[in-house]
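One letter stands for each residue in the lines below.
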Amino acid sequence: MHYQSLQFILFAGVVLLVYYRVKPARQAHVLLLANLIFYALSGVEYLPFIAATAVCTFWTGRRIGRIYRETDAQIGQCGDPAQKKQLRAQSKARARRALVPGMAVTIGLLCVCKYALFVSENVNVLLSALNIPRIPTFRMILPLGISFYSFMALSYVLDVYWKRYEAEERFLAYATYLSYFPHVVQGPIDRFNEFKAQLAGGVTFCARNLTFGAQLALWGFFKKLVIADRLALFVDTAFSHFSEYSGPVLVAAVALYSIQIYADFSGCIDIVTGVSEMFGIHLRKNFNHPYFSRTMGEFWRRWHISLQEWFKDYVYFPVSASNLMRRAKKRFRERGMKRASELFAACFPILVVWMITGLWHGAAWKYVAWGLFHAILLIGSKVLEPAFAAVNRRLRINADCRLWRLWQMLRTFFLCCVGRIFFRAADLKTALAMIPRMLHLKTTLRALVNPPVPYGMSGGDILVAAAAILVLLIVDVVQERTCIRKSLEKRNIVLRWGLIYACLFVVLFFGIYGPGYGASGFIYEQF
């Protein structure tokens, strides 16, 4: 059941009716049942995986919480500071041992389902080179949304372990959070304490939630059906037959893919966030107009925000505070290499984060290369930051100049597009073959008008796509300054509903759907 399908709209509508008809104390039951139905419709065979993750991490959290409560009771009866310190140390060690099973099962299921075939195939390549018999390979099923709900489960047990909040005692509340149908497929990656606080005690019906949620979902449908799926007609053709096209066509394909994936992913987030708002549950913000970023660091603080925050909290900071980092920085300082110590402390965690980020997106070398590419960009900006600042001062560049900011945005978009070549290509070999072909920009007008393989888009599609992208750009510019939904709320009712109906008209008449249309899943569903 795809989020952009009529079946999903009807499903969400029925659940909403039941949700607000039952008593507030029963709303969590309605959501959990809806989650199970939604997930089962996507594939009953996926249910044991998410159930195993939910049960194991819930039990782990309860076990850690019980350990901490027992220790707190002992400390309350103890007057000796040294003994209190010893009790805390023992409690932490016990909690760490209890943490291992929950993390091992969650990470183990994720790795086996997602990376078993990739690892075994690469091991066989190595064995073949050494004339050693190959090992058997097997492909596990990939449960829907496993990358997303696994990270949410890991954040829960780690937050309980780090005492950010207490362990949940009711499995219903935790299972509802982990399987919540708006975010289970492709995020955002929410935190349990934020989700629980909004559902605790039930949600009172609010017409504003329905209106605001429907408006946001409608905008998401516009992004997905009018822009993303239309651009996919050309992008898929160009990448599938890249050897038949000239450099300018491939450059255009990469640039349009960057727009497609933004409209596709942010469109999905808008749909599920809007639907969730209708239930009175606000999901984490996941996009903040990333193509207005002036640096790659800023870009990744604006794109897939919940994933970047997850890596910052559960990978970057733990690696930065690890014993390995402390020993390495100590050795640098002992040798009088203060600057090297600072750079290593800043750059090594970035490398770790981006290697994991690449693999999180998929079990393929192209994703490893994509992650390494962005790690190099971010580390390079750290290392060369003083040099860039010195050049700017010497050239007397006004960093606040509009023209300079525009140049920075275009530069960031260009670097992002380079990375997209690896991200979108069929494999790493294809990506490396495309790059030199893209550098040959000389072509003829005749070759562009009559390509060996049709582009996949008609003249009408091109006009609609261009107009829709222009609308998207204008809306994003306005949203940088104000919340459009709140502004519409204050406007004349004729203007407000006129814009809403205009958007609905565009989706219905210019969206890619209907007979002959294979409801393409969202790009991030595969991760």
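Before any of the text, the structure's been laid out above.
Residues numbered from 1 in each chain as written. Predicted model: local features only at pLDDT ≥ 70, side-chain atom pairs only at ≥ 80, totals over all residues. Heavy atoms only, no water.

**Q** It is not clear to me how the overall build of the protein chain should be interpreted in this structure. Could you clarify?
**A** Scanning the protein chain from N- to C-terminus turns up 20 helices and 0 strands. Against the compact-globule benchmark of 24 Å for 527 residues, the protein chain has a radius of gyration of 25 Å, which places it among compact chains. Each of the 527 residues in the protein chain was classed as buried or not, and the buried ones make up 47%. Within the protein chain, contacts between residues at least 6 apart in sequence are counted, and of these 78% link residues at least 24 apart. Surface accessibility of the protein chain: about 26,700 Å² in total, with carbon and sulfur atoms responsible for 65%. (Helix = DSSP H or I, 4+ residues; strand = E, 2+ residues; numbered from the N terminus. Rg over C-alpha atoms; globule rule 2.2 N^0.38 Å. Buried < 20%, exposed > 50% of the residue type's maximum accessible area, 1.4 Å probe, protein only. Contact = heavy atoms within 4.5 Å. Areas by Shrake-Rupley, 256 points an atom, 1.4 Å probe, with all protein chains shown as cover.)

**Q** Sorry if this is basic, but what is going on with helix α20 (residues 493-510) here?
**A** Side chains three or four residues apart in an α-helix point the same way, a direct result of the helix having 3.6 residues per turn. The terminal C-alpha atoms of α20, which comprises 18 residues, lie 25 Å apart, in line with the 26 Å expected from a rise of 1.5 Å per residue. Taken residue by residue, α20 has Arg496, Ile500, Cys503 and Val507 as its buried positions. Buried residues of α20, seen end-on, are gathered within an arc of 60° and therefore sit on one face of the element. Of the exposed residues in α20, the ones pointing more than 90 degrees away from its buried face are Val494, Tyr501 and Phe509. The inward-facing, buried residues of α20 contact α8 (207-240) and α19 (484-489). Capping the start of α20, asparagine 492 holds a side-chain oxygen 2.7 Å from the backbone nitrogen of valine 494, two or three residues further along. (Expected span 1.5 Å × (residues − 1). Arc of directions from axis to C-beta. Polar contact = N/O pair within 3.5 Å; in protein donor to acceptor, adjacent residues only side chain to side chain.)

**Q** I would appreciate a short explanation of the packing of aromatic side chains in the present structure.
**A** Where two aromatic rings form a pair, the distance of their centres and the angle of their planes describe that pair. Applying the stated criterion across every chain yields a total of 57 aromatic pairs. Cation over ring: lysine 92 sits above tyrosine 161, and NZ or CZ is 4.4 Å from the ring centre. Here the guanidinium or amino end of arginine 424 rests over the ring plane of tyrosine 257, the centre of that ring lying 5.9 Å away. (Phe/Tyr/Trp six-rings, centres within 6.5 Å; stacked < 30°, edge-to-face > 60°. Lys NZ or Arg CZ within 6 Å of the ring centre and 35° of its normal.)

**Q** Help me understand the side chain of serine 266 in this model?
**A** Counting through the fold element by element, serine 266 comes out in helix α9 (residues 247-278). Here the side chain of serine 266 touches lysine 223 through a polar contact of 3.2 Å, side chain to side chain. In this structure, serine 266 is in contact with Lys223, Ile261 and Phe287, ignoring residues within four places of it in sequence.

**Q** Looking at this structure, how should I read a nonpolar patch on the surface?
**A** On the surface, Ile493, Val494, Trp497, Tyr501, Leu504, Phe505, Leu508, Phe509, Phe510 and Tyr513 cluster together to form a nonpolar patch covering roughly 1,000 Å² of accessible area. Structurally, the position occupied by valine 494 is in helix α20. A relative accessible area of 63% places valine 494 in the exposed class. (Patch = residues over 30% accessible without salt bridge, like charges linked within 9 Å, V, L, I, M, F, W, Y side chains within 5 Å. Salt bridge = Lys/Arg side-chain N within 4 Å of Asp/Glu carboxyl O.)

**Q** It is not clear to me how the pattern of salt bridges should be interpreted in this structure. Could you clarify?
**A** For side chains of opposite charge, pairing can occur when their charged atoms come near one another. For the structure on display, the rule yields 17 salt bridges. Note that arginine 62 and glutamate 169 form a salt bridge whose closest N and O atoms lie 3.2 Å from each other. With arginine 62 in helix α3 (residues 47-76) and glutamate 169 in the loop between α5 (146-161) and α6 (171-179), the pair connects residues that are 107 residues apart, well separated along the chain. For arginine 62, a relative accessible area of 28% puts it in the partly exposed group. Accessibility expressed as a relative area gives 36% for glutamate 169, which makes it partly exposed. Close ionic contact of arginine 284 with glutamate 309 constitutes a salt bridge, the shortest N to O distance being 2.5 Å. Of the two residues, arginine 284 is situated in the loop between α9 and α10 (296-302) and glutamate 309 in helix α11 (residues 305-320); the sequence distance between them amounts to 25 residues. Note on arginine 284: relative accessible area 18%, which makes it buried. Relative accessible area serves as the criterion here: at 28%, glutamate 309 is assigned to the partly exposed category. Look at the salt bridges and you will find they share partners, linking Arg62, Arg69 and Glu169 into a network.

**Q** How should a positive patch on the surface be read in this particular structure?
**A** Taken together, the side chains of Arg326, Arg327, Arg331 and Arg335 define a basic patch exposed on the protein surface. Residue classification places arginine 327 among the partly exposed positions, given a relative accessible area of 48%. (Lys, Arg positive; Asp, Glu negative; His and termini not counted. Charge placed at Lys NZ, Arg CZ, Asp CG, Glu CD.)

**Q** Just to check I follow, could you spell out the state of the cysteines for this structure?
**A** Cysteine pairs can be linked by a disulfide, which is a covalent bond between their two sulfur atoms. Summed over the entire model, instances satisfying the criterion amount to 0 disulfides. Looking at cysteine 111, it has no disulfide partner, and the nearest cysteine sulfur is the one in cysteine 113, 9.6 Å off. Cysteine cysteine 416 remains unbridged, with the sulfur of cysteine 417 as its closest cysteine sulfur at 5.8 Å. (Disulfide = S-S within 2.5 Å.)

**Q** In this structure, what is going on with the side chain of glutamate 277? I would like to understand it.
**A** For glutamate 277, the position within the fold is in helix α9. A relative accessible area of 7% places glutamate 277 in the buried class. Once residues lying within four places of it in the same chain are set aside, the contact partners of glutamate 277 are Asn209, Phe212, Gly213, Leu216, His282 and Arg485.

**Q** I keep staring at unusual backbone geometry and nothing clicks. Help me out?
**A** Excluding glycine, most residues fall at negative phi; most peptide bonds, likewise, are trans. Residue proline 188 is bonded to the preceding glycine 187 through a cis peptide linkage, with omega at 5°. The residue proline 188 is located in the loop between α6 and α7 (192-199) in this model. For asparagine 131, which is not glycine, the phi dihedral falls at a positive 60°. Tracing the sequence through the fold places asparagine 131 in the loop between α4 (81-129) and α5. Taking relative accessible area as the criterion, asparagine 131 reaches 73% and is therefore assigned exposed.

**Q** What should I look at first to understand the packing of helix α1 (residues 6-21) against α9 in this one?
**A** The relative placement of two packed helices comes down to the angle between their axes together with the axis-to-axis distance. The interhelical angle for the contact between α1 and α9, taken along N-to-C directions, is 20°, at an axis separation of 10 Å. Classified by the interaxial angle, the pair formed by α1 and α9 is roughly parallel. Our pair here, α1 against α9, has a crossing hand that is right-handed. Taking contact as the criterion, the partners of Phe8, Ala12, Leu16 and Tyr20 in α1 are, on α9, Ile271, Val275 and Met278. Classifying every residue of the contact of α1 with α9 gives 7 nonpolar, no polar and no charged. (Axes fitted to C-alpha atoms, helices over the stretch in contact; angles between N-to-C directions. Parallel < 35°, antiparallel > 145°, perpendicular 65-115°, else oblique. Left-handed = near helix turned anticlockwise from the far one by under 90°. Nonpolar A, V, L, I, M, F, W, Y, C, P; charged D, E, K, R; others polar.)

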